[in-house]
Amino acid sequence: MSRVVTVAAAQLGPVGRDEPRSSVVARLLALLREAAAEGCELVVFPELALTTFFPRWHIEDPEELDAFFEAEMPGPSTRPLFDEARELGVGFSLGYAELTEDRHRYNTQLLVAPDGRFLAKYRKVHVPGHEEPEPWRPFQHLERRYFEPGPQGFGTWRAFGGVVGMMICNDRRWPETYRVMGLLGVELILCGYNTPLHYAPDPSQDVLQGFHSALVMQAGAYQNGTWVVASAKGGVEEGVDSLAQSCVIAPSGQIVAQAYTAGDELVVAHCDLDWCDRYKKTLFDFERYRMIEHYGPITAQRGATPPQ
Ligand code: CDT
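Parameters at a glance
Residues numbered from 1 in each chain as written. Predicted model: local features only at pLDDT ≥ 70, side-chain atom pairs only at ≥ 80, totals over all residues. Heavy atoms only, no water. Helix = DSSP H or I, 4+ residues; strand = E, 2+ residues; numbered from the N terminus. Rg over C-alpha atoms; globule rule 2.2 N^0.38 Å. Buried < 20%, exposed > 50% of the residue type's maximum accessible area, 1.4 Å probe, protein only. Contact = heavy atoms within 4.5 Å. Areas by Shrake-Rupley, 256 points an atom, 1.4 Å probe, with all protein chains shown as cover. Lys, Arg positive; Asp, Glu negative; His and termini not counted. Charge placed at Lys NZ, Arg CZ, Asp CG, Glu CD. Near = heavy atom within 4 Å. Polar contact = N/O pair within 3.5 Å; in protein donor to acceptor, adjacent residues only side chain to side chain. Pairing = 2+ DSSP bridges. Axes fitted to C-alpha atoms, helices over the stretch in contact; angles between N-to-C directions. Expected span 1.5 Å × (residues − 1). Arc of directions from axis to C-beta. Core = buried A, V, L, I, M, F, W, Y, C linked by side-chain atoms within 4.5 Å. Salt bridge = Lys/Arg side-chain N within 4 Å of Asp/Glu carboxyl O.

Asks: A description of the overall build of the protein should follow, citing residues and the corresponding values.
Replies: Each helix and strand counted, the protein has nine helices and 14 strands in total. Its C-alpha atoms give the protein a radius of gyration of 19 Å, within 12% of the compact-globule value 19 Å for 308 residues. By its C-alpha atoms, the protein is 60 × 55 × 40 Å across when sized along the principal axes. Across the 308 residues that make up the protein, the buried fraction comes to 53%. Counted over contacts in the protein with a minimum sequence separation of 6, partners at least 24 positions apart contribute 69%. Looking at the protein as shown, the accessible area adds up to about 14,100 Å², and 54% of this sits on carbon and sulfur atoms. Between the mean site of the 28 positive side-chain charges and the mean site of the 41 negative ones, the protein shows a separation of 5 Å.

Written as structure tokens, this is what we have:
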């Protein structure tokens, strides 16, 4: 039986600070319908897909902040997406700001089956940026103020005929993200991101944003023998330019499809999950070749300890 999954990274262009959920959901629905028409079984939307990237502001009014979060999923404004996806028989993965009943806040990504069943929830582990406002920056990156790290860590789930994992934006820069999922047998990693092109602590990285994003995901895919589907919210959002370049990466590490705009765009690829074993059962046969007796520091310490 073939294990080809047709996937789409459903890239979004900018979402305005005042853009209502209904307008964003209408954009998601348009991408979903286009994906269904192209035979996609799975559509991957970006990180925090329902709103503007609000961590760029110091929001002091708790009500204003809450308005960027979803206390219910699906809620009244997102239900049409769930209904339409089930109707079309298309699964999807959606990033959003989650406010739990006991008021914990997570940067979250959901996985929903083509029949509408809830399959999995992932909460971002690597939360970047800063906790306190830093007025010297042209814009803030206050993710660490607004989100707790996901306490459940990484996971993989049987879905779409294979083993699926999720990561969110900054997670993609850390090799541990891929390796943990690799050790859980991952074959298809779904990732949403919002990556500003300007990195205030070291602007020399600005021109390298596209290179670094591709570099880490291509390496992670290859070293773990997995597909990666990466979906951006790109373009100039509220004056801040963000990386587009949504893409699909094969277990060979090659980019097999990539966005060519910074707006709403579907990036479709046919992912043969059996291709993963070419890497998982050869060069990266973990059971045979990993040398875990030498990897202790990876989980025993957080920071580097150079020699005296
Ligand atoms: N959303 C997100 O995680 N963005 C970060 C920006 C860099 S850290 C301020 C990223 O890794 O792309």
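Asks: Break down the site of the ligand for me, citing the residues and quoting the values.
Replies: Taken together, the neighbourhood of the ligand is formed by Glu47, Phe53, Lys124, Pro128, His141, Glu143, Cys169, Asn170, Arg172, Arg173, Asn194 and Thr195. Contact distances for the ligand include 2.7 Å between an oxygen atom and a side-chain N or O atom of arginine 173. A distance of 2.7 Å is found between an oxygen atom of the ligand and a side-chain nitrogen or oxygen belonging to threonine 195. For the ligand, whose free accessible area comes to 350 Å², the fraction covered by protein is 91%.

Asks: Tell me about the sheet that holds strand 12 (residues 247-249), and please be specific about residues and values.
Replies: Spatial ordering of the open sheet is given by 6-7-8-9-12-13, a layout of six strands whose pairing is mixed. With one partner strand each, in any of the chains shown, strand 6 (156-159) and strand 13 (255-258) form the two edges of the open sheet. This sheet shows a mean twist of 20 degrees between the axes of neighbouring strands, independent of strand direction. Note: strand 6 against strand 7 (residues 162-168), four bridges, orientation antiparallel. In the sheet register, threonine 156 faces strand 7, and the bridge partner there is glycine 165. Against the sheet, helix 6 (residues 209-224) engages strand 7, strand 8 (188-193), strand 9 (227-232), strand 12 and strand 13, with an angle of about 30 degrees to strand 12.

Asks: Explain helix 6 residue by residue, including any values.
Replies: Along an α-helix, a turn takes 3.6 residues, which lines up residues three or four apart on a common side. When the terminal C-alpha atoms of helix 6 are compared, their 23 Å separation across 16 residues agrees well with the 22 Å that a helix rising 1.5 Å per residue should span. Of the residues making up helix 6, those classed as buried are Gln209, Gly210, Ser213, Ala214, Val216, Met217, Gly220, Ala221 and Asn224. With its buried residues spanning 165 degrees around the axis, helix 6 presents them on a single face. Backbone geometry just after helix 6 places glycine 225 at a positive phi near 55 degrees.

Asks: Lay out the nonpolar core in plain terms, naming residues and giving numbers.
Replies: What tends to happen in soluble globular proteins is that the nonpolar side chains get buried as a cluster. Grouped together as the largest cluster of nonpolar side chains are 46 residues, with contacts concentrated most on Leu111, Leu188, Leu190, Met217 and Val248. Non-local contacts of leucine 111, meaning those with residues more than four positions away in its chain, are made with Leu42, Phe92, Ser93, Arg117, Phe118, Leu119, Ala120, Ala159, Phe160, Val164, Met166 and Leu190. Phe45, Ala85, Phe92 and Leu94 belong to the second largest nonpolar core, which has 26 residues in total.

Asks: For the pattern of salt bridges, give the residues involved together with the corresponding values.
Replies: All told, the structure shown has 21 salt bridges when counted by the stated rule. For lysine 121, the salt bridge identified is with glutamate 98, shortest N-O distance 2.7 Å. With a gap of 23 residues between them, lysine 121 in strand 5 (residues 118-123) and glutamate 98 in strand 3 (residues 91-99) connect regions that are remote in the sequence. On the basis of relative accessible area, glutamate 98 is assigned to the buried category, the value being 6%. Residues glutamate 237 and lysine 233 are paired through a salt bridge, measuring 2.9 Å at the closest nitrogen-oxygen approach. The residues glutamate 237 and lysine 233 share a single accessibility class, namely buried. Linked by salt bridges that have partners in common, Arg3, Glu187 and Asp274 make up one network.

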